[in-house]
Amino acid sequence: RKSPYAHQVLAPAYAMAFFHATRKRKIVSYALITGIFLLVVAVKKLPYPYRSVLDAGVVVGLSWGSAATLGIFLNALRTGRAPNIDPCLPEP
């Protein structure tokens, strides 16, 4: 089944569940993006040593997330099955 053209054009927003998602998932997505925006604003105001420490923590977190994503991908390739995760899409 082919996805609607709007879902393809707006794929990043679709993947972040800003539209065509359950109400709960949309609320979580908008709250998360708002929280990230507020954190970025706050972190930009931190003085030198604290911001550097926080930047190092971000690097560690992104590395950990990338490794976990790669591990899930390799496991899916090995078993031939996608992870059993609910995408929170509305029923057709």
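Note on numbering: residues in each chain are counted from 1, in written sequence order. Local features in this predicted model are restricted to residues of pLDDT 70 or higher, and side-chain atom pairs are both shown and tallied only at a pLDDT of 80 or more, whereas totals for entire chains, interfaces and linings draw on every residue. Derived side-chain values reflect all non-hydrogen atoms in the structure, with water molecules and hydrogen atoms excluded from consideration.

With that settled, consider the overall build of the protein. Helix and strand labels come from DSSP, where a helix needs a run of H or I of at least four residues and a strand needs a run of E of at least two; each type is numbered from the N terminus. Per the secondary structure count, the protein includes 4 helices and 0 strands. The order of helices and strands in the protein, counted from the N terminus, is α-α-α-α. On C-alpha atoms alone, the protein measures out to a radius of gyration of 18 Å, which is more than a quarter above the 12 Å that the 2.2 N^0.38 rule sets for 92 residues. If one aligns the C-alpha atoms of the protein with their principal axes, the spans along those axes are about 50 × 35 × 25 Å. Buried residues are those whose accessible area, probed at 1.4 Å on protein chains only, stays under 20% of the maximum for their type, while exposed residues exceed 50% and partly exposed ones sit between those limits. A buried classification covers 7% of the 92 residues belonging to the protein. It only takes one pair of heavy atoms within 4.5 Å for two residues to be counted as in contact. Of all intrachain contacts in the protein linking residues separated by at least 6 positions in sequence, the fraction that spans at least 24 positions is 26%. Method for areas: the Shrake-Rupley scheme with a 1.4 Å probe, in which residue coverage is limited to the protein chains shown. A total accessible area of about 8000 Å² is found for the protein, and carbon and sulfur atoms account for 69% of it. We take the radius of gyration over the C-alpha atoms and set the globule estimate at 2.2 Å times the residue count to the 0.38 power.

Inspection of the secondary structure puts His-7 in helix α1 (residues 5-9). With near-sequence residues (within four places) excluded, His-7 lies in contact with Tyr-14, Phe-19 and His-20.

Time to look at a nonpolar patch on the surface. Exposure above 30% relative accessible area and the absence of a salt bridge qualify a residue for a patch, where like charges join within 9 Å and nonpolar side chains (Val, Leu, Ile, Met, Phe, Trp, Tyr) within 5 Å. Salt bridges are counted wherever a side-chain nitrogen of Lys or Arg sits within 4 Å of a carboxyl oxygen of Asp or Glu. Taken together, the side chains of Tyr-30, Leu-32, Ile-33, Ile-36 and Val-40 define a hydrophobic patch exposed on the protein surface, amounting to about 450 Å² of accessible area. Mapped onto the fold, Val-40 is located in helix α3 (residues 23-44). Residue classification places Val-40 among the partly exposed positions, given a relative accessible area of 44%.

This part takes up the packing of aromatic side chains. Between 30 and 60 degrees the pair is tilted, below 30 it is stacked and above 60 it is edge-to-face, where a pair is any two Phe, Tyr or Trp rings, Trp via its six-membered ring, whose centres lie within 6.5 Å. Counted according to the given criterion, the structure contains 2 aromatic pairs. Aromatic pair Phe-18 and Tyr-30: ring centres 4.8 Å apart, planes at 40°, arrangement tilted. Highlighted residues: Phe-18 in the loop between α2 (11-15) and α3 and Tyr-30 in helix α3, separated in sequence by 12 residues. Of the residues examined, Phe-18 reaches a relative accessible area of 18% and is grouped as buried. Here Tyr-30 falls in the partly exposed class, since its relative accessible area comes to 43%.

Take the side chain of Ser-29 next. Structurally, the position occupied by Ser-29 is in helix α3. Setting aside its immediate chain neighbours within four residues, Ser-29 contacts Met-16, Ala-17 and Phe-18.

Once that is clear, we can look at the confidence of the model for the protein. pLDDT expresses how confident the predictor is about each individual residue, on a scale running from 0 to 100. Overall, the predicted model of the protein reaches an average pLDDT of 92, with 98% of residues at or above 70. Predicted confidence in the protein is weakest over α1, with a mean pLDDT of 88, and strongest over helix α4 (residues 48-79), with 96.

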